[in-house]
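Results of the structural survey
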Amino acid sequence: MNTPKIVAVTGVSSGIGAALCKWFLAKGHKVEGYGRTRNPELDEHENFEFSEVDFSSIDTVTPIRLDATKPLDMLLLSAGSFGRASFSLEQMDYNDFVETFVVNVAAPLAMFQRHLPRLRA
Ligand SMILES: NC(=O)c1ccc[n+]([C@@H]2O[C@H](COP(=O)([O-])OP(=O)(O)OC[C@H]3O[C@@H](n4cnc5c(N)ncnc54)[C@H](OP(=O)(O)O)[C@@H]3O)[C@@H](O)[C@H]2O)c1
């Protein structure tokens, strides 16, 4: 292993985010996980740190304050959702569409903006 990296991952409870966390931890790197649901397997790892955040409300993301002097090597925005509603335009629910847009677009942008100073540090 080369020098341990610090990696931030969103959506760590399942799927791509969980797999990314396991891969980086297995390689000896430190992982900061973000999401609304914990992953018990990752929680057991000494190099894993979890922060709870629900990406469906931008108001829960924008108050996040990070130590800009703490370097970050990589930010992996893997949290995402298809939403609850139908894909049919005729049946699509407006509120669900907006919530899904926040999870998939606005929240990742906000997370990126908040972590940018750390990625540059
Ligand atoms: N897997 C694929 O082949 C594939 C292909 C193309 C695109 N994608 C897209 O890539 C993204 C990740 O895919 P995946 O397979 O890893 O999906 P997944 O297994 O459903 O995982 C999604 C992750 O995002 C989290 N998440 C969803 N809504 C959230 C919210 N409001 N706040 C915080 N966390 C939230 C989930 O947490 P909870 O457990 O709390 O729900 C979960 O940890 C999805 O957007 C998916 O549509 C996946």
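The preceding data block contains the structure.
Since the structure is predicted, the reported quantities are computational estimates derived from the model, not experimental observations. (Residues numbered from 1 in each chain as written. Predicted model: local features only at pLDDT ≥ 70, side-chain atom pairs only at ≥ 80, totals over all residues.)

Let us look at the overall build of the chain. For the chain, the helix and strand inventory stands at four helices and four strands. Counting helices and strands in the order they occur from the N terminus, the chain gives β-α-β-α-β-α-β-α. Projecting the C-alpha coordinates of the chain onto the three principal axes gives extents of approximately 55 × 30 × 20 Å. Residues counted as buried form 23% of the 121 residues belonging to the chain. In the chain, once contacts between residues fewer than 6 apart in sequence are set aside, the share between residues at least 24 apart is 59%. (Helix = DSSP H or I, 4+ residues; strand = E, 2+ residues; numbered from the N terminus. Buried ≥ 20, exposed ≤ 12 C-beta atoms within 10 Å, placed from the backbone. Contact = placed C-beta atoms within 7 Å.)

The side chains of a regular strand alternate between both faces of the sheet. Burial analysis of strand β2 (residues 30-35) places five of its six residues in the buried class, the great majority of the element. As judged from the five bridges shared by strand β1 (residues 6-10) and β2, these two strands associate in the parallel manner. Its bridge partner lying in β2, Val7 is registered against Val31. The parallel pair β1 and β2 is bridged by helix α1 (residues 15-26), and the resulting crossover is right-handed. As paired elements, β2 and strand β3 (residues 48-52) share five bridges and run parallel to each other. For Val31, the partnering residue across the bridge sits in β3 and is Phe48. (Pairing = 2+ DSSP bridges. Right-handed = clockwise from strand over helix to strand, strands pointing away.)

With that settled, consider the nonpolar core. If you look at the biggest cluster of nonpolar residues, it comprises 12 residues: Val7, Ala8, Val9, Val12, Leu20, Cys21, Phe24, Val31, Tyr34, Leu42, Phe48 and Leu72. For this core, the secondary-structure elements that each account for two or more residues are β1, α1 and β2. Setting aside its immediate chain neighbours within four residues, Val9 contacts Gly17, Leu20, Cys21, Val31, Gly33, Leu76 and Ser78. One finds Ala79, Val102, Val103 and Ala107 within the second-largest nonpolar core, a separate group that totals seven residues. (Core = buried A, V, L, I, M, F, W, Y, C linked by C-beta atoms within 7 Å.)

This part is about the sheet that holds β2. With respect to topology, four strands assemble into an open sheet ordered β3-β2-β1-β4, the strand pairing being parallel. Of all strands in the sheet, those with a lone pairing partner are β3 and β4 (74-77), marking the two edges. Each adjacent strand pair in this sheet contributes to an overall mean axis angle of 15°, direction not counted. Inspection of the sheet shows β1 paired to β4 by four bridges, in the parallel sense. (Axes fitted to C-alpha atoms, helices over the stretch in contact; angles between N-to-C directions.)

It is worth spelling out the site of the ligand at this point. Neighbouring the ligand are 19 residues; Gly11, Gly15, Ile16, Thr37 and Gly80 lie closest to it. Within the shell around the ligand, the residues separate by chemical class into six nonpolar, 11 polar and two charged. (Near = placed C-beta within 6 Å. Nonpolar A, V, L, I, M, F, W, Y, C, P; charged D, E, K, R; others polar.)

We now examine the environment of Glu90. Here Glu90 lies in the loop between β4 and α4 (94-120). The exposed category is assigned to Glu90, around which 5 C-beta atoms lie within 10 Å. Along the sequence, Glu90 and Pro63 sit 27 residues apart, while their C-alpha atoms lie 36 Å from each other.

Its 27 residues place the ends of α4 38 Å apart at the C-alpha level, agreeing with the 39 Å of an ideal helix rising 1.5 Å per residue. The largest bend in α4 amounts to roughly 45° and is located at Val102. Along α4, the positions that sit buried rather than exposed are Val102, Val103, Ala107, Pro108, Met111 and His115. Turning to α4, the residues buried within the fold contact β1, α3 (58-61) and β4. (Expected span 1.5 Å × (residues − 1). Bend = angle between axes of the 7 residues up to and from the residue.)

Note that all results are geometric; they support no functional claim without further evidence.
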